[in-house]
Amino acid sequence: MSDRLYVGTRKGLFEIARKRRAWDVADVHFIGDPVTAVLARGDAVLAALDLGHFGAKLWRKDGNGPWREVAVPAFPPKPEDAGDDPHPWTLGKVWNITPGGADGRLWAGTMPGGLFRSDDGGDTWSLVESLWRMPERLKWFGVAGGEQPGISTVLVDPRDSAKIRVGVSCAGVWATTDAGASWRNINKGMYNEYMPPEQRGDPITQDIHQLAHCAARPEVMWCQHHSAIYRSEDTGENWRELKAARPSGFGFAVAAHPSDPKTAWFVPATKDERRIPVDGKVVVSRTRDGGKSFEVLSRGLPQRHAYDLTHRHALAIDDSGERLAFGSTSGGFWTSEDAGEQWAALDARLPPVSVVRYGVA
Amino acid sequence: MPKVVFTRQLERFMAAPTVEVEGATLGEALGAVFAANPALRGYVLDDQGALRRHVAVFVNGRPAADRKGLSDPVGADEEIYVFQALSGG
């Protein structure tokens, strides 16, 4: 179990630790600066900042040492023949940082849709050119908090780190089996209801808010899509809509149980023009039967005039599958020790929460 | 030599003192600064070498005209001011 949480917000990184059976803020970093991604493994912490004026930055802390700025993913010079590219060749923000498996590699998903790789623990990064220079990428479009497409999730197969699934908002799910040398669009069976009718079933138009897989059975994947919740049993090739989702199928975040492939959690909201909890009640929904049915978990969560929205990287589960934590755009933050049955609010009013991650030993 | 002055906001992240450098254009002058202080480059310029969208640069009291190519001429006794364009909330 993990006793430490890293919570990136619009105005700082909050380190939240569990002591004497309760969670409390233990330290604050980068106060005032937007934090867009964080990864804590061993005694190293990587934090991505989005400085409004001065661009996206990456900082690293080792053990009790000081934070030091490290190289941030950067795009190569835009070639003359890339004039029809609708997206900038300039980093918008780092949206997630994901361990690459036993080899120590790291992946960074970014806006405007570049995937970057580091083989030195995040000190230097290189653009995955095979994905970026794919002609199909020109069809990607932005909806997620701006005009740029963003790589919302990077999932590395725990059994074979060369097998990676990347979720894009907006551009569906892309798969590589050769550590990123080649890519193909998968995700059959999804339906994006806000697109023009003839494009709604096109895999490349699908708005992948977030993907998650069961670590012990990574062929089982979950997707919180803009239009619905989906589940796949073949590593994202084919998807089935989970129509039993309640109180709604709309939301951003999903957490998969690390060992039980039938269990996952979501933080639903009224779809989609009104991005608030259904009836002003913050709840977490959980399925334990592969999506046939959903439970609505609300014990300890605000049930009256609560307008907290949870973004796609702001729900986390620890390696035990028992501890969960999530934060909201209103600065609410809750933890559970029992798989979501009971929740406890953090005694703090945080800035808007963008990312929640457990520290992993 | 042209003088380059940076917003004090940058001091939260690194030293960015006022410096006098060689250079006949904005790009040459900034390039000379970044040669001595490489970490500063990414705070002022984007991946393609253009001025960041929310960074403002004045050359001798006027906004830089060529924000991508940085070709604005800079006189020997002129000043370049680098500061943040106001945004956000």
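Residues numbered from 1 in each chain as written. Chains lettered and ligands numbered in written order. Predicted model: local features only at pLDDT ≥ 70, side-chain atom pairs only at ≥ 80, totals over all residues. Heavy atoms only, no water.

### Re the overall build of chain B
Part 1: Along the backbone of chain B there are two helices and five strands.
Part 2: Along chain B, from the amino end to the carboxyl end, the secondary structure elements read β-β-α-α-β-β-β.
Part 3: A compact globule built from 89 residues should have a C-alpha radius of gyration of about 12 Å, and chain B, at 12 Å, falls within 12% of that.
Part 4: For chain B, the share of sequence-separated contacts (at least 6 apart) that also reach a separation of at least 24 residues comes to 46%.
Part 5: As displayed, chain B has an accessible area near 4,700 Å², and 53% of this comes from carbon and sulfur atoms. (Helix = DSSP H or I, 4+ residues; strand = E, 2+ residues; numbered from the N terminus. Rg over C-alpha atoms; globule rule 2.2 N^0.38 Å. Contact = heavy atoms within 4.5 Å. Areas by Shrake-Rupley, 256 points an atom, 1.4 Å probe, with all protein chains shown as cover.)

### Quick word on the sheet that holds strand β16 (residues 208-214) of chain A
Residues and elements named next belong to chain A.
Part 1: The antiparallel open sheet is built from four strands, whose spatial order is β16-β17-β18-β19. The two strands at the open ends of the sheet, each matched to only one other strand, are β16 and β19 (240-241).
Part 2: Two strands pair when backbone bridges link them, and β16 and strand β17 (residues 217-225) are joined in this way by six bridges, in the antiparallel orientation. Across the sheet, H213 pairs through a bridge with M221, a residue of β17. (Pairing = 2+ DSSP bridges.)

### What about the interface of chain B and chain A?
The extent of an interface is frequently quoted as the accessible surface area lost upon association of the parts.
Part 1: Contacts between the two partners involve 20 residues from chain B and, on the opposite side, 22 residues from chain A.
Part 2: Carbon and sulfur atoms supply 48% of the area that chain B and chain A bury against each other, a total of about 1,500 Å² over both sides.
Part 3: It is Y43, D47 and Q48 of chain B that lose the most area in chain B upon contact with chain A, and together they represent 40% of the buried surface on that side.
Part 4: Our count for the contact surface shared by chain B and chain A stands at one salt bridge.
Part 5: Close ionic contact of R12 of chain B with D33 of chain A constitutes a salt bridge, the shortest N to O distance being 2.7 Å.
Part 6: Where chain B meets chain A, there are ten residue pairs in polar contact (both at pLDDT 80 or more).
Part 7: Here the residues of the side of chain B that touches chain A sort into seven nonpolar, eight polar and five charged. (Buried area = accessible area lost by both parts, 1.4 Å probe. Salt bridge = Lys/Arg side-chain N within 4 Å of Asp/Glu carboxyl O. Polar contact = N/O pair within 3.5 Å; in protein donor to acceptor, adjacent residues only side chain to side chain. Nonpolar A, V, L, I, M, F, W, Y, C, P; charged D, E, K, R; others polar.)

### Some words on the nonpolar core
Part 1: Within the largest apolar cluster, 39 residues are counted, with the highest numbers of intra-cluster contacts made by F6, L26, V57, I80 and V82 of chain B.
Part 2: Going through the elements one at a time, β4 (35-41) and β5 (44-51) of chain A together with β1 (3-6), α1 (26-36), α2 (38-44), β3 (55-59) and β5 (79-84) of chain B are the ones with two or more residues in this core.
Part 3: Sorting elements by how many residues they give to this core places α1 of chain B first, with five residues.
Part 4: With residues up to four places along the chain from it excluded, the contact list for L26 of chain B reads V57, V59, A64, L70, D72, V74 and I80 of chain B.
Part 5: Counting residues in each nonpolar core, the second largest holds 19 residues, with A37, V94, L127 and W132 of chain A among its members. (Core = buried A, V, L, I, M, F, W, Y, C linked by side-chain atoms within 4.5 Å. Buried < 20%, exposed > 50% of the residue type's maximum accessible area, 1.4 Å probe, protein only.)

### Comments concerning the sheet that holds strand β22 (residues 284-287) of chain A
Within a sheet, each strand pairs with its neighbour through backbone hydrogen bonds, oriented either parallel or antiparallel.
Residue and element names in this part refer to chain A.
Part 1: Ordered by their spatial adjacency, four strands build an open sheet running β20-β21-β22-β23, and the pairing between neighbours is antiparallel. Unpaired on one side and paired on the other, β20 (251-256) and β23 (295-297) mark the two borders of the sheet. Adjacent strand axes in the sheet meet at a mean angle of 25°, parallel and antiparallel pairs treated alike.
Part 2: Sheet topology note: the strand β21 (residues 264-268)/β22 ladder contains three bridges and is antiparallel. Bridge assignment links W265 to a residue of β22, and that residue is R286. (Axes fitted to C-alpha atoms, helices over the stretch in contact; angles between N-to-C directions.)

### Concerning the side chain of D318 of chain A
All names here are of chain A.
Part 1: Relative to the elements of secondary structure, D318 occurs in the loop between β24 (315-317) and β25 (324-327).
Part 2: Among buried charged residues, D318 stands out as having no salt bridge; its nearest opposite-charge side chain is R323, 4.8 Å away.
Part 3: Excluding its chain neighbours within four sequence positions, the residues that come into contact with D318 are M1, S2, P258, R323 and Y358. (Lys, Arg positive; Asp, Glu negative; His and termini not counted.)

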